[in-house]
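# Examination of the molecular architecture
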Amino acid sequence: EDKVVQSPLSLVVHEGDTVTLNCSYEVTNFRSLLWYKQEKKAPTFLFMLTSSGIEKKSGRLSSILDKKELFSILNITATQTGDSAIYLCAVGDNAGNMLTFGGGTRLMVKP
Amino acid sequence: DAGITQSPRHKVTETGTPVTLRCHQTENHRYMYWYRQDPGHGLRLIHYSYGVKDTDKGEVSDGYSVSRSKTEDFLLTLESATSSQTSVYFCAISDRTGFDYGYTFGSGTRLTVV
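Since this is a predicted model, take the numbers as computed values, not measurements.

Once that is clear, we can look at the sheet that holds strand 1 (residues 3–7) of chain A. Residues and elements named next belong to chain A. Overall, antiparallel pairing links the five strands, which are arranged 1-3-8-7-6 in an open sheet. The open sheet has two edge strands with one neighbour each: strand 1 and strand 6 (56–58). On average, adjacent strands in this sheet sit at an angle of 15° to one another, irrespective of strand direction.

Turning our eyes to something else, we now look at the state of the cysteines. Residues and elements named next belong to chain A. Evaluated as defined, the whole model comprises two disulfides over all chains. Here C23 is linked by a disulfide to C89, with a sulfur-sulfur distance of 1.9 Å. Since a negative S-S torsion denotes a left-handed disulfide, the C23-C89 link at about -70° is left-handed. Of the two residues, C23 sits in strand 3 (residues 19–26) while C89 sits in strand 9 (residues 85–93), which places them 66 residues apart along the sequence. Here C23 falls in the buried class, since its relative accessible area comes to 1%. For C89, a relative accessible area of 0% puts it in the buried group.

If you look at the interface, chain A gives 21 residues, while chain B gives 22 residues. Buried surface at the junction of chain A and chain B, summed over both partners, amounts to about 1800 Å²; 58% is from carbon and sulfur atoms. For the pair chain A and chain B, the interface holds zero salt bridges. Inspection of the chain A/chain B interface yields four residue pairs in polar contact (both at pLDDT 80 or more). At the level of secondary structure, the elements contributing two or more residues to the side of chain A that touches chain B comprise strand 4 (30–38), strand 5 (44–49), strand 9 and strand 10 (99–101) of chain A. Examining the composition of the side of chain A that touches chain B, we find that five residues originate from one element, strand 4 of chain A, more than from any other.

All right, on to the pattern of salt bridges then. Residue and element names in this part refer to chain B. Taken as a whole and judged by the stated rule, the model has six salt bridges over all chains. For R36, the salt bridge is made with D38, and the minimal N-O distance between the two is 2.8 Å. Residue class for R36 comes out buried when judged on its relative accessible area of 8%. For D38, a relative accessible area of 11% gives the class buried. Shared partners join several salt bridges into a network, and the residues in it are R22, K70 and D73.

Take the nonpolar core next. Judged by nonpolar contacts, the single largest core of 22 residues is most densely connected at A:Y25, A:F30, A:L33, A:W35, A:Y87 and A:L107. Counting residues per element, the ones that place at least two in this core are strand 3, strand 4, strand 5, strand 7 (61–66), strand 8 (71–76), strand 9 and strand 11 (105–110) of chain A. When neighbours within four sequence positions are excluded, A:Y87 is seen to be in contact with A:Q6, A:L21, A:Y36, A:K37, A:L46, A:L74, A:I76, A:G104, A:T105 and A:L107. Residues A:A90, B:Y35, B:Y48 and B:F90 belong to the second largest nonpolar core, which totals 20 residues.

All names here are of chain A. Position of T79 among the secondary structure elements: in the loop between strand 8 and strand 9. Within polar-contact distance, the side chain of T79 engages the backbone oxygen of D17 at 2.9 Å. Each residue touching T79, except ones within four places of it in the same chain, is listed here: V13, H14, E15, G16, D17, V19, R60 and V109.

This next bit is on the pairing of strand 7 of chain A. All names here are of chain A. Sheet analysis places strand 6 next to strand 7, joined by three bridges and oriented antiparallel. Looking at strand 7, one finds that K57 is bridged to S62. As defined by bridge partners, strand 7 adjoins strand 8 across six bridges and the pair is classed as antiparallel. Looking at the pairing, L61 lines up with I76 of strand 8. Taking the residues that link successive antiparallel strands as the turn, the strand 7-strand 8 hairpin has four residues, and the phi of L70 there is positive, at about 60°.

Time to look at the pairing of strand 11 (residues 109–113) of chain B. Residue and element names in this part refer to chain B. Here strand 11 shows one buried face, formed by T109, L111 and V113, and one open face, formed by R110 and T112. Looking at chain direction, strand 2 (residues 10–13) and strand 11 are connected through four bridges and run parallel. Among the inter-strand pairings, H10 is bridged to a residue of strand 11, identified as R110. In terms of strand pairing, strand 9 (residues 87–94) meets strand 11 through three bridges, oriented antiparallel. From the neighbouring strand, S87 faces strand 11, where its bridge partner is L111.

Rules used throughout
Residues numbered from 1 in each chain as written. Chains lettered and ligands numbered in written order. Predicted model: local features only at pLDDT ≥ 70, side-chain atom pairs only at ≥ 80, totals over all residues. Heavy atoms only, no water. Pairing = 2+ DSSP bridges. Helix = DSSP H or I, 4+ residues; strand = E, 2+ residues; numbered from the N terminus. Axes fitted to C-alpha atoms, helices over the stretch in contact; angles between N-to-C directions. Disulfide = S-S within 2.5 Å. Buried < 20%, exposed > 50% of the residue type's maximum accessible area, 1.4 Å probe, protein only. Contact = heavy atoms within 4.5 Å. Buried area = accessible area lost by both parts, 1.4 Å probe. Salt bridge = Lys/Arg side-chain N within 4 Å of Asp/Glu carboxyl O. Polar contact = N/O pair within 3.5 Å; in protein donor to acceptor, adjacent residues only side chain to side chain. Core = buried A, V, L, I, M, F, W, Y, C linked by side-chain atoms within 4.5 Å.

Laid out in structure tokens, this is it:
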């Protein structure tokens, strides 16, 4: 059974801080790892990673995957109150067309 | 979200009653999924569909059934609602490449069983 564990469970920072969110996984036949941001409603797609060591960037957000150690990190620099959300990590398995999600990290950015 | 709608948005129901949630898509995507989201558990897969009348169970399928008679509609039924099924339910869709580029999620249905 595929398993995804995220840490920390929750995090409170102040605007301007840099945060690192962690995602570790166990999957039989790894295909991809995805990050989502969830504000009040539906999760929205951030990144998809398949290769180790290649950083994906979008503005102040970046993510990297380590397939040897089976984890990924999501970095957010110069945080803003609009970054407050639940961040979800999910892994895809080559055995089937579905994603397994972690429990999420709730980030709160205070002014 | 554009292309996928869930109904109802909110529902309160009594223990023991059947409840049906609807997911409707206009993207003609092959795959459709039902997840539930509870604090500390992230999103857990209930059932999914890989085509009309083709469905399979997910991680937490007990007490739920699904049907997909048309490409655009995926129904989730709680046969006899229990308080443990109080949750936020999300529908998601993907096409062949969605597995690599993620799902598109609906806005969710908040279900309360009293």
